[in-house]
Amino acid sequence: ARYSGDASYLAATSSTTAVTVARAATTVSLAISPTSVTFTGKDITVTFSTSVTSRAGTPTGTVAVTIDGKQLANLLLSAGKVTYSAPTPTTAAARYQFSASYSGDTNFAPATSATQYLKVSKAKTTTSLGLAKSTISYGHENTEKLTVSVSHAGSVYVTGKVIIKAGSTTVCTIILSKSGGSCTLTATKLKKGSYTLTASYAGDGNYSSSSAKKSLKVAA
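Calculation criteria
- Residues numbered from 1 in each chain as written.
- Predicted model: local features only at pLDDT ≥ 70, side-chain atom pairs only at ≥ 80, totals over all residues.
- Heavy atoms only, no water.
- Pairing = 2+ DSSP bridges.
- Helix = DSSP H or I, 4+ residues; strand = E, 2+ residues; numbered from the N terminus.
- Axes fitted to C-alpha atoms, helices over the stretch in contact; angles between N-to-C directions.
- Core = buried A, V, L, I, M, F, W, Y, C linked by side-chain atoms within 4.5 Å.
- Buried < 20%, exposed > 50% of the residue type's maximum accessible area, 1.4 Å probe, protein only.
- Contact = heavy atoms within 4.5 Å.
- Disulfide = S-S within 2.5 Å.
- Polar contact = N/O pair within 3.5 Å; in protein donor to acceptor, adjacent residues only side chain to side chain.

K.L.:
Report on the sheet that holds strand 15 (residues 161-166), specifying residues and quantitative values.
P.N.:
Pairing within the open sheet is mixed, and its five strands lie in the order 13-19-18-15-16. Two strands lie at the open edges of the sheet, namely strand 13 (135-137) and strand 16 (169-175), each paired on one side alone. Going from strand to strand, the sheet's axes swing by 25° on average, the running direction of each strand aside. Pairing analysis gives six bridges linking strand 15 to strand 16, with the strands arranged antiparallel. Bridging across to strand 16, Lys165 finds its partner in Thr170.

K.L.:
Any details on the nonpolar core? Residues and values, ideally.
P.N.:
Across soluble globular proteins, nonpolar side chains show a tendency to be buried alongside one another. Ranked by internal contacts, the top residues of the largest apolar core, which has 51 residues, are Leu146, Ile164 and Val171. Those residues in contact with Val171, other than ones at most four positions away along the chain, are Leu146, Ile164, Lys165, Ala166, Leu185, Lys189, Leu190 and Leu197.

K.L.:
Could you give an account of the pairing of strand 11 (residues 116-121), with specific residues and numbers?
P.N.:
The two faces of a sheet get side chains in turn, since along a regular strand they alternate between them. As paired elements, strand 4 (residues 36-38) and strand 11 share three bridges and run parallel to each other. Bridging across to strand 11, Thr38 finds its partner in Ser121. When strand 9 (residues 94-102) meets strand 11, the two strands line up antiparallel, connected through five bridges. Bridge assignment links Ala94 to a residue of strand 11, and that residue is Val120.

K.L.:
I'd love a proper account of the sheet that holds strand 3 (residues 27-33), names of residues and values included.
P.N.:
Sheet architecture is open: three strands sit in the order 3-5-8, paired in antiparallel fashion. The open sheet terminates on both sides in strands that have one partner only, identified here as strand 3 and strand 8 (81-88). Within the sheet, the average angular offset between the axes of one strand and its neighbour, ignoring direction, is 20°. Direction of pairing for strand 3 relative to strand 5 (residues 44-53): antiparallel, over a ladder of seven bridges. Within strand 5, the position partnered with Ser29 by the bridge is Ser51.

K.L.:
Please provide a residue-by-residue account of the state of the cysteines, values included.
P.N.:
Where two cysteines share a covalent bond between their sulfur atoms, that bond is called a disulfide. Inspection of the entire model under this criterion finds one disulfide. A sulfur-sulfur separation of 1.6 Å characterises the disulfide bridge that pairs Cys172 with Cys183. Highlighted residues: Cys172 in strand 16 and Cys183 in strand 17 (residues 180-184), separated in sequence by eleven residues.

K.L.:
Kindly report on the environment of Arg2, identifying the contributing residues and their values.
P.N.:
Tracing the chain through its elements places Arg2 in strand 1 (residues 2-3). Residue Arg2 is classed as exposed on the basis of its relative accessible area of 73%. With 63 residues separating them in the primary sequence, Arg2 and Val65 have C-alpha atoms 52 Å apart. At a separation of 3.3 Å, a polar atom in the side chain of Arg2 contacts the side chain of Thr13.

Below you can see the structure in the form of structure tokens.
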């Protein structure tokens, strides 16, 4: 500021004062689609729609989209918005977190969106149980071969085991290999009579449980 003076006072200039113009605050919004799917054993394509707004104008620059804290894409804004579709590494059944972070520019400050979620649910399964024979002789149960298989999605096999019971008696436990397996009954394990065999799969991280039943007769 400079005073030019008058008849009574000399001219003078003030000291310099700095004025800082801070970057304007911004708000980032993020929407994803889909928000829930069933496990398929394959990557899931997700569409991201994000916008960056400010009362001071239209921000420019880039927005980074992350999944569970890891960057998936760095997108260039157009008129403060961008829409992007890409396969994401969301193979396993789980709940995934997505967010969008604006890096800021000369006039607009950085900001991060609220977290959005994608839920990948377990796939349903079907268990099948096969018997080599429907009738066997007591003491010769080892002639009976039980075969099981559990359905799976794509090329991702189910894991775990199938337990086969006759009533409350466990007659066989099969550790699955490529979603299937077999076992042979133990001699004298079952007394003479008619039984309903139940094969139960408990599920794993990607697949839900299921069961199957078959009738077996043990003759004298």
